[in-house]
Amino acid sequence: MKQVKITLDKAYKVAKVDDRLFGSFIEHLGRAVYGGIYQPGHPTADKYGYRQDVVQLVRELQVPLIRYPGGNFVSNFFWEDSVGPVDKRPARLDLAWRSLEPNTFGLEEFYHWTKQVNAQIMMAVNLGTRGVADACNLLEYCNHPGGSKYSDLRRSHGVENPYNIKLWCLGNEMDGSWQLGSKTMDEYGRISQEAGKAMKLIDPSIELVSCGSSYREMPTFPQWEATTLEHNYDYVDYLSLHTYYGNAAMDSNDYLAKSDDMDDFIRTVVSVCDYVKAKKRSKKQINLSFDEWNVWFHASKEDADTTENHPWQKAPHLLEDHYTFEDALMVGLMMITLLKHADRVKIACLAQLVNVIAPIMTEENGIAWRQTIFYPFYHASCYGRGTVLQLAIDSPKHETSGHGSITDVEAVAVWNEEAEEVTVFAVNRNLEEDLPLTMDLRSFEGYELIGKTELVSDDLQTVNSAAGEKVHPRQADDAKAEGGQLETVLRKASWNVIRLGRK
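What you see is a predicted model; the values in this text were computed from it and never measured. (Residues numbered from 1 in each chain as written. Predicted model: local features only at pLDDT ≥ 70, side-chain atom pairs only at ≥ 80, totals over all residues. Heavy atoms only, no water.)

Caption draft 1: Quick look at the packing of aromatic side chains. Within the structure shown, the criterion is met by 23 aromatic pairs. Here the aromatic rings of tyrosine 244 and tryptophan 296 are separated by 4.8 Å at their centres, their planes lie at 85°, and the arrangement is edge-to-face. With tyrosine 244 in strand β10 (residues 238-245) and tryptophan 296 in the loop between β11 (287-295) and α9 (301-309), the pair connects residues that are 52 residues apart, well separated along the chain. Its relative accessible area of 22% is what places tyrosine 244 among the partly exposed residues. The rings of Tyr34, Tyr38, Tyr48, Tyr50 and Phe105 are connected pair by pair, giving a single aromatic cluster. When the ring centre of phenylalanine 78 is taken as origin, the NZ or CZ atom of arginine 92, which lies over that ring, is 3.8 Å away. In this structure, lysine 314 is placed above the aromatic ring of tyrosine 34, and the distance from its NZ or CZ to the ring centre is 4.9 Å. (Phe/Tyr/Trp six-rings, centres within 6.5 Å; stacked < 30°, edge-to-face > 60°. Helix = DSSP H or I, 4+ residues; strand = E, 2+ residues; numbered from the N terminus. Buried < 20%, exposed > 50% of the residue type's maximum accessible area, 1.4 Å probe, protein only. Lys NZ or Arg CZ within 6 Å of the ring centre and 35° of its normal.)

Below is the structure:
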């Protein structure tokens, strides 16, 4: 009979989880902003126009960091148009998504919204159609206390104290032909080097993220990483990674193997960072910012028709993927992969947060609701703070069409020493068989079972909607822990959260 064995030992620590691993992303794209987080006149909107039903769901996710304002949008972003008196802000053509940007919601509004949801800002600068000077001007506006042109401009707008934004992206996907102002490796290396140099003269306390390859299949990967880092290594702190997965071929078995690709992607980028470190004889370590990750493939032909044949709409319906149960399993697997690499992946942003390939959806005049992918991210954010432990996993395997033989079970454990709790996240990606699990807990003497939560469905294609949540967590009563051993069953195609705490 097939079964899974996991050994959990507090001595085998990977790294402490950086809270920013549970970040997300808001771009001026589709209904992420207008009709998403901001909708004056909505029944739940406060005096600022912020939808409080959305605020409550974002707070539920406990997102500590939100990347803004893009994404592709940032490569034609004129930040000056998004600040100051709203009635004096001009509308602009957003060339990334061929939409109309009214600028009625901008940097100041986003800053105050992040305060409502208890998050910090990860700000991106436009190195596409603009450059070093504009990046410096924006930083001065945001972080300098006063007595200079752009800090005094901020104060004239009624914002006396600096925003004090500490994390900055040097552009977005600058290797992509779709990106406005896209760059060659050397071009981006040079402009990011000079922008980083200048920005850290203005505020030495900031951290900078260099653009990595837009995705692993780019023809210049991983040479892009090596070349750009050779230019900007001394000024940047993180290198970005982006990836999205989907199941367009409707091969669910192979789809759930794609988290193995993510694992290999991370290992490859780490090796490139360390190669450049060695080449430069540097003592500095570059860590990773996985600042775009999610499932993305449901977007329809209507999206392309909107941007091509019906352009310049304000907040059109774009990229509103409706996620299935198997997408939730995939997000759980990706979250496990990120946690496994907590020693080098310090920042991650689920892309995106509201309406656009998002865990939270809204109706314009109705409710906000949770997609299926909401729950694995929610569980990881709530219970994944602490130190990642290296598990010894003995799992059966099964065959896939594109990834060969893969493990049935992927899992990770996070130990919160202060709270004296340990949580194991596990996905059984075997679509046919329930698997008995035996877990060795002798290292955690005195700990007992708090509970087991699982996400299961008889139909991999089940979706949630405004009408109700067909996919939602349930408490399982089939786990027991005694004598230093835990026994339970990981149901076929399931996401599992097993929590233990000291008596």
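Still more to cover.
Caption draft 2: Expanded view of the pattern of salt bridges. Taken as a whole and judged by the stated rule, the model has 37 salt bridges. Aspartate 203 is the salt-bridge partner of lysine 166, the closest N and O atoms lying 3.6 Å from each other. With a gap of 37 residues between them, lysine 166 in the loop between α4 (149-156) and β8 (167-170) and aspartate 203 in the loop between α5 (185-202) and β9 (207-210) connect regions that are remote in the sequence. Accessibility expressed as a relative area gives 10% for aspartate 203, which makes it buried. Taken together, the salt bridges that share partners define one network made up of Lys452, Glu454, Arg474, Asp478 and Arg491. (Salt bridge = Lys/Arg side-chain N within 4 Å of Asp/Glu carboxyl O.)

Caption draft 3: Fine view of the sheet that holds strand β4 (residues 65-68). Taking strand neighbours around the barrel as the criterion, the 8 strands line up as β3-β4-β7-β8-β9-β10-β11-β12 in a closed arrangement whose pairing is parallel. Going across the sheet, the axis of each strand differs from the next one's by a mean of 30°, ignoring polarity. Inspection of the sheet shows β10 paired to β11 by 7 bridges, in the parallel sense. Bridging from a neighbouring strand, tyrosine 245 pairs with valine 295 of β11. Sheet contacts for helix α8 (residues 259-279): β10, β11 and β12 (345-350); angle to β10, the most-contacted strand, approximately 160°. (Pairing = 2+ DSSP bridges. Axes fitted to C-alpha atoms, helices over the stretch in contact; angles between N-to-C directions. Contact = heavy atoms within 4.5 Å.)

Caption draft 4: View of the side chain of threonine 453. Here threonine 453 shows up in strand β22 (residues 447-455). At 3.0 Å, the side chain of threonine 453 forms a polar contact with the side chain of glutamine 475. Apart from residues no more than four positions distant in its own chain, threonine 453 is found in contact with His379, Pro473, Arg474, Gln475, Trp495, Asn496 and Val497. (Polar contact = N/O pair within 3.5 Å; in protein donor to acceptor, adjacent residues only side chain to side chain.)

Caption draft 5: Summary view of helix α3 (residues 132-143). Counted at 1.5 Å a residue, the expected span for α3 with its 12 residues is 16 Å, and the 16 Å between its end C-alpha atoms agrees. The buried fraction of α3 amounts to 10 of the 12 residues, a majority that puts the element mostly inside the structure. On its buried face, α3 sits against α2 (107-116), β7 (120-125), α4, β8 and α5. (Expected span 1.5 Å × (residues − 1).)

Caption draft 6: Local environment of the sheet that holds strand β2 (residues 13-16). Strand order in the open sheet made by the 7 strands is β2-β15-β19-β20-β26-β22-β23, with antiparallel pairing throughout. Where the open sheet ends on each side, the last strands, each with one partner, are β2 and β23 (474-476). Averaged over all pairs of adjacent strands, the angle between strand axes in this sheet comes to 25°, irrespective of strand direction. Sheet analysis places strand β20 (residues 421-428) next to strand β26 (residues 494-502), joined by 8 bridges and oriented antiparallel. Its bridge partner being in β26, asparagine 428 is matched across the sheet by serine 494. Contacts from helix α10 (residues 325-340) reach β2, β15 (387-389), β19 (409-416), β20, β22 and β26 within the one sheet, and its direction differs from that of β19 by about 55°.

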